[in-house]
Each structure stands twice: as structure tokens, then as C-alpha cells.
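A closer look at the structure
If you want the building blocks of each chain, they are given just below.
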Amino acid sequence: EVQLQASGGGLVQAGGSLRLSCVASEFSSYDNGVGWFRQAPGKEREGVSSVNLIDGSAYYADFVEGRFTISSDNAKNTVYLQMNNLKPEDTGVYYCATFRGDPLLLLRVWEDTSRYAVWGRGTQVTVSS
């Protein structure tokens, strides 16, 4: 079974940057995408970004506002989330997960957590004001 490990979180001041990494033990032939989600205390988990591992298409939540960039290095089984100009409201635990399904559906369903099969342990991101 695929295992995911998220890392790269930490404490940063507002306006700072972090790069999160999601390393997979392997990607199965069914893993067509990887998504990043976050969960703040007392809030539901929400989608941040997702990448289509087949063609590299990327999707972002509106609140990202051009500050984050998702990318994949399939040779390293790794997906990155570069986060710039971080805000205190970006604070939360960030999780990565694999999407198994028709990659053409990612455009419409990438934020749906039920579409993701394997989840890694999260990495804490704390942005101070």
C-alpha cells in the first residue's frame, strides 16, 4: 500500500515562505493526482491545491490568490507545495493525499476529500503575525 510522508512545515512570520514536500513510497498506476489539504483548529479540512500527475495540470483554492505553487517530480515520487507570502490564516495542519480516479475529473472534484484514497500524516504550518 502506498504511504505518504508530508514534511516542510514550521513556524514562519507573515510574508514568509515554506516549501512542503509529499513523498510517496510509490505511486500506483491508479494514483493520477496528489492533493494538498489543510485543517485549522475547529475547522473542517479544506482543499488547498491538487496536481494531475499525468499532465501536470494544477488546481488551487481561491484563497491561494497566486501565492502557492504545486509541482510534481514523478521520478522522485514527490509533490511540492511552494507557499509564499504566507498569512496567519494559512496556519493549520497540511496533509497530502493521492487521487485515484479519472484524472479528467480532477478539474471538477479536486477539493472533494472523499476522492482521495491514501492520506499522509500532516505537517504543521504556523504563521505568526
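Just above, that's the structure.
Note that the structure is a prediction, hence the values are computed from the model and not measured.

Rules behind the numbers
- Residues numbered from 1 in each chain as written.
- Predicted model: local features only at pLDDT ≥ 70, side-chain atom pairs only at ≥ 80, totals over all residues.
- Heavy atoms only, no water.
- Buried < 20%, exposed > 50% of the residue type's maximum accessible area, 1.4 Å probe, protein only.
- Helix = DSSP H or I, 4+ residues; strand = E, 2+ residues; numbered from the N terminus.
- Pairing = 2+ DSSP bridges.
- Phe/Tyr/Trp six-rings, centres within 6.5 Å; stacked < 30°, edge-to-face > 60°.
- Lys NZ or Arg CZ within 6 Å of the ring centre and 35° of its normal.
- Disulfide = S-S within 2.5 Å.

Extensive coverage of strand E8 (residues 78–83) is indicated by the burial of 5 of its 6 residues. As paired elements, strand E3 (residues 18–24) and E8 share 6 bridges and run antiparallel to each other. Within E8, the residue paired with Leu 20 across the bridge is Leu 81. Here strand E7 (residues 68–73) pairs with E8 via 6 bridges, running antiparallel. By the bridge assignment for E8, Ile 70 is matched with Leu 81. From the end of E7 to the start of E8, which pair antiparallel, there are 4 residues, and Asn 77 there has a positive phi angle of about 50°.

This brings us to the packing of aromatic side chains. Across all of its chains, the model carries 4 aromatic pairs by this definition. Seen in terms of ring centroids, Phe 37 and Tyr 116 are 4.9 Å apart; in terms of plane orientation they differ by 80°. Their pairing is edge-to-face. One end of the pair, Phe 37, is in strand E4 (residues 31–39); the other, Tyr 116, is in strand E10 (residues 116–119), and 79 residues separate them in sequence. For Tyr 116, a relative accessible area of 5% corresponds to the buried category. Among the aromatic residues, ring-to-ring pairing joins Phe 37, Phe 99, Tyr 116 and Trp 119 into one connected group. Over the face of the ring belonging to Tyr 95 we find Arg 45, whose NZ or CZ atom lies 3.8 Å from the ring centre.

Turning our eyes to something else, we now look at the environment of Asn 84. One can find Asn 84 in the loop between E8 and strand E9 (92–100). Residues Asn 84 and Arg 67 lie 17 residues apart in sequence; the distance between their C-alpha atoms is 5.2 Å.

The element strand E5 (residues 46–52) is largely enclosed, with a buried count of 6 among its 7 residues. The loop that links E4 with its antiparallel partner E5 comprises 6 residues; one of these, Gly 42, has a positive phi angle of about 80°. Here E5 pairs with strand E6 (residues 58–60) via 3 bridges, running antiparallel. Paired with Val 51 across the strands is Ala 58, a residue of E6.

Next up on the list: the state of the cysteines. Summed over the entire model, instances satisfying the criterion amount to 1 disulfide. The disulfide partner of Cys 22 is Cys 96, and the S-S distance across this bridge is 2.1 Å. The chirality of the disulfide connecting Cys 22 with Cys 96 is right-handed, given an S-S dihedral of about 75°. Placement of the pair is Cys 22 in strand E3 and Cys 96 in strand E9, with a sequence separation of 74 residues. Given a relative accessible area of 0%, Cys 22 falls into the buried group. What makes Cys 96 buried here is its relative accessible area of 0%.

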